[in-house]
Amino acid sequence: MTYEKLVKEILNGVGGKRNILGLTHCLTRLRFTLKDEGKINIAKLKGLPDVVAVVQSGGQYQVIIGNHVPDVYKEFIELVGLSKELEVLKKKGLLNNFIDIISGIFTPVIGLLVATGMIKGLNILFVSLGWMTNTSGTYVILQAAGDCFFYFFPIFLGYTAAKKFKLNPFVGMALGAALVYPTIAGMTANTKPLYTLFSGTILESPVYLTFLGMPVILMNYEASIIPIVIATYFGSKLEKALDRGIPRLLKNFFIPFLTILVMIPLTFIVIGPIATWTGKLLGTGILTIYHFNSIVAGFVIGACWQVLVMCSLHWGIIPIAINNISVLGYDPVMVLGLATPFATAGAVLAVIIKSRNTSVRAIGIPAFISSLVGISEPSLYGITLPRKKPFIATLISASIGGAILGAFRTKMFTIGGIGIFSLPNYISPDTGISQGFYGYIFAIVTAFILSFCLTFTFLYDPKEDRKEQEKKDHEKKKAESKKAGLLTEIVIPLPIIGKVIPLSAVNDTVFSTGILGKGLAVQPNLGRVYAPFDGTVETLFPTNHAIELKSVDGIELLIHIGIETVNLEGKYFEPKVKQKDIIKKGQLLLEFDEKAIQAAGYSIDTPIVVSNTKKYLDVMGNVKDHVLVIMKGCVR
């Protein structure tokens with residue numbers, strides 16, 4: 001297997017097979033839902049050379065790999081022995097559940113939707129360039145290839161939605177097939193209505209047929225998404241109810257029989273019309289906001305698009321875009337964020353050119369190419385976000401690109417190619433190449449150039465990468481020394497609970513410059529000092545504001561509560577131990593009234609330093625983990 005080593009490393013990093021509740025993937029990410037999130041080793045996963053980043057979003061841990069993620073996913077399923085139907089039952093909150101449902105339904109079909117959309121877009125382009133007519137046999141065949149998936153979209157969504165909602169997937173397909181059944185679909189064109197409902201209102205609907213005397217309002221369900229998703233959801237509920245009440249001998253055919261018999265009429269009579277009206281209202285509402293000020297809308301969506309991708313919230317916009325294309329014939333919203341990959345590509349190119357770091361270029365060059373073809377996650381997590389300022393350049397440039405798209409009122413007419421392959425998406429099937437098409441080209445070129453210039457001139461310093469590389473080299477040497485038995489690492493938890501700050505932030509030069517030793521400082525929110533290790537109380541100052549401990553390993557730790565608090569002469573301090581007492585880890589050593597100390601006009605910043613720092617190779621303070629790390633050389 002090509003990715004066997006990577007699969008095993010990722011499996012180990014997420015806590016093993018038994019810790020996996022759910023696993024799916026999108027274009028660049030493996031999406032894990034875990035049983036015990038405490039078992040995941042994010043640092044280890046991030047350290048894997050083939051992993052770009054690890055993100056927690058939408059109730060999932062997303063391991064970002066790149067464009068080859070489908071192959072990794074396939075090998076993961078085969079090697080680990082997981083079921084492709086592995087799904088999650090845990091509650092994750094309303095927003096997370098919504099994103100999970102949308103991504104679960106649409107992720108499996110996105111590739112085919114893009115592929116057929118590209119064919120459809122190219123067909124429109126060929127007609128616009130005069131290479132063929134829309135009556136030629138070549139056009140008709142290509143149009144069938146490009147439009148077949150979108151036209152019968154309810155059938156495909158019936159399958160994926162059924163898988164998501166735990167309905168028999170073939171029942172889901174049957175529900176979708178009924179919506180585009182030719183005889184029913186053609187009735188509105190060839191039959192006179194029996195009568196009209198809601199006459200004179202925005203919901204005015206001609207009735208062409210009835211079911212058991214009940215009027216059926218026929219809608220155009222080709223390429224629709226909302227009706228089939230809702231119908232499948234209710235179908236899954238019905239199927240579960242039937243499963244509980246029907247004898248096992250009859251379940252195989254009787255459950256689908258009753259589910260289809262009930263759900264198809266219910267969908268045509270109730271679910272379909274309501275869902276279609278909802279879709280039309282949604283499209284009209286979005287257009288109203290868009291037309292209010294398309295430039296501002298473009299600026300905001302352009303600025304936010306990368307953040308939406310980071311949080312997986314863009315999955316909530318994709319169905320809206322598909323619905324708009326189905327209802328309106330075009331989408332003006334999602335396109336406003338699609339200058340982002342080109343803005344990202346510009347920033348990454350600037351980093352590649354300015355940086356002399358081979359590892360940066362090794363990541364940057366494929367990430368740059370990936371951004372040009374519309375997939376920006378490798379650039380986002382591998383280049384721009386870790387360096388922060390290039391990420392800011394991307395947001396600024398994408399917002400300008402979005403504003404340009406709004407000014408030109410660019411519209412997307414099909415969900416087709418992405419990145420540089422998306423140009424045919426913006427050609428109208430009716431009017432051909434128009435102002436919006438040229439606006440798209442102007443927007444992506446502007447976003448690319450602006451992002452490149454901002455990053456190259458102001459928002460990227462190659463020194464940052466050199467420092468990072470030096471740090472990695474140091475860590476590598478340290479790890480090699482530990483492996484060879486030349487180095488040991490002692491971790492000491494901080495003895496006081498509160499906000500941890502660097503020692504250099506303390507307003508006392510004796511501590512901030514490290515004269516008394518290296519360490520950290522704490523701004524206490526609980527007036528208690530606990531023993532961080534087994535040892536002895538070496539010194540308890542007469543004013544009780546400072547205490548020095550010595551571990552059984554010989555580490556000397558000075559804890560100085562507050563700055564200049566010696567002047568309080570012991571007031572507000574209450575020791576629980578005496579000098580030379582033997583102490584155990586976790587034992588309460590001293591209490592103090594932090595609020596009273598502050599009220600008396602003293603800072604409660606509490607330096608905690610290793611006073612015999614010179615005895616060790618290094619003492620490092622880890623602000624995030626609230627620990628001191630002491631590197632000790634070994635004699636062999």
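See the structure shown above.
Each residue is numbered by its place in its chain's sequence as written, counting from 1. Only residues with pLDDT of at least 70 get local features here, since the model is predicted, and only at 80 or more are side-chain atom pairs given and counted; chain-wide, interface and lining totals rely on the full set of residues. Here the side-chain values reflect all heavy atoms present in the structure, with hydrogen atoms and water set aside.

## A look at the overall build of the protein chain
Stage number 1. Every helix listed is a DSSP run of H or I at least four residues long, and every strand listed is a run of E at least two residues long, numbered separately from the N terminus. Regarding its fold elements, the protein chain presents 21 helices and 20 strands.
Stage number 2. C-alpha extents for the protein chain along the principal axes are approximately 100 × 65 × 55 Å.
Stage number 3. To sort residues, take the accessible area from a 1.4 Å probe on protein chains only and compare it with the maximum for the residue type: under 20% means buried, over 50% means exposed, and anything in between is partly exposed. For the protein chain, buried positions account for 48% of its 636 residues.
Stage number 4. In this description, contact between two residues means that some pair of their heavy atoms is separated by no more than 4.5 Å. Relative to all contacts within the protein chain whose residues are 6 or more apart in sequence, the contacts with residues 24 or more apart total 70%.
Stage number 5. Method for areas: the Shrake-Rupley scheme with a 1.4 Å probe, in which residue coverage is limited to the protein chains shown. Carbon together with sulfur atoms contributes 62% to the accessible area of the protein chain, which is approximately 30,700 Å² in total.
Stage number 6. The charged-residue count follows a simple rule in which Lys and Arg add positive charge and Asp and Glu add negative charge, with His and chain termini not counted at all. Note that the charge is assigned to NZ on lysines, CZ on arginines, CG on aspartates and CD on glutamates. Of the side chains in the protein chain, 60 bear a positive and 44 a negative charge, and the two mean positions are spaced by 4 Å.

## A word on the side chain of asparagine 19
Stage number 1. Here asparagine 19 shows up in the loop between helix H1 (4–13) and strand E1 (20–25).
Stage number 2. Polar contacts involving the side chain of asparagine 19 include one to the main-chain carbonyl oxygen of valine 14, which spans 2.8 Å. Within 3.5 Å is the distance limit for a polar contact, defined as a pair of N or O atoms, with the added protein rule that one can donate a hydrogen and the other accept it, and that residues adjacent in sequence qualify only through two side-chain atoms.

## Some thoughts on a positive patch on the surface
Stage number 1. Residues Lys17, Arg18, Lys35 and Lys39 make up a contiguous surface patch of positive charge.
Stage number 2. For lysine 39, the position within the fold is in the loop between strand E2 (29–34) and helix H2 (42–46). For patches, a residue must show more than 30% relative accessible area and have no salt bridge; joins then use 9 Å for like charges and 5 Å for nonpolar side chains, namely Val, Leu, Ile, Met, Phe, Trp and Tyr. The rule for a salt bridge is simple: a side-chain nitrogen of Lys or Arg has to be within 4 Å of a carboxyl oxygen of Asp or Glu.

## Topic: the packing of helix H6 (residues 153–165) against helix H7 (residues 169–179)
Stage number 1. It is the contact of H6 with H7, at a shortest axis distance of 7 Å, that shows an interaxial angle of 150°. Considering their axes alone, H6 and H7 lie roughly antiparallel with respect to each other. Where H6 crosses over H7, the two elements pack in a sense that is right-handed. The residues of H7 that touch H6, namely those facing Pro154, Ile155, Gly158, Tyr159, Ala162 and Lys163, are Pro169, Gly172, Met173, Gly176, Ala177 and Leu179. Geometry is summarised by axes, namely lines fitted to C-alpha atoms with helices restricted to the contacting stretch, and by angles between N-to-C directions that run from 0 to 180 degrees. If an angle is under 35 degrees, it is roughly parallel; if it is over 145, roughly antiparallel; if it lies from 65 to 115, roughly perpendicular; otherwise it is oblique. In this scheme the handedness of a crossing depends on how the near helix is turned from the far one: anticlockwise by less than a right angle means left-handed, clockwise means right-handed.

## Notes on the sheet that holds strand E12 (residues 535–540)
Stage number 1. In this description, strands pair whenever DSSP reports at least two bridges between them. The sheet built from seven strands is open, its strands ordered E9-E10-E18-E14-E13-E12-E16 with antiparallel pairing. This sheet does not close on itself; its edge strands, each paired only once, are strand E9 (498–502) and strand E16 (582–583).

## Considering the sheet that holds strand E15 (residues 573–575)
Stage number 1. Read from one edge of the open sheet, three strands run E11-E17-E15, paired in antiparallel fashion. Where the open sheet ends on each side, the last strands, each with one partner, are strand E11 (528–530) and E15. Within this sheet the neighbouring strands show an average axis-to-axis angle of 15°, counted without direction.
Stage number 2. Two elements, E11 and strand E17 (residues 588–592), share three bridges in a ladder whose sense is antiparallel. Bridging from a neighbouring strand, arginine 528 pairs with glutamate 591 of E17.

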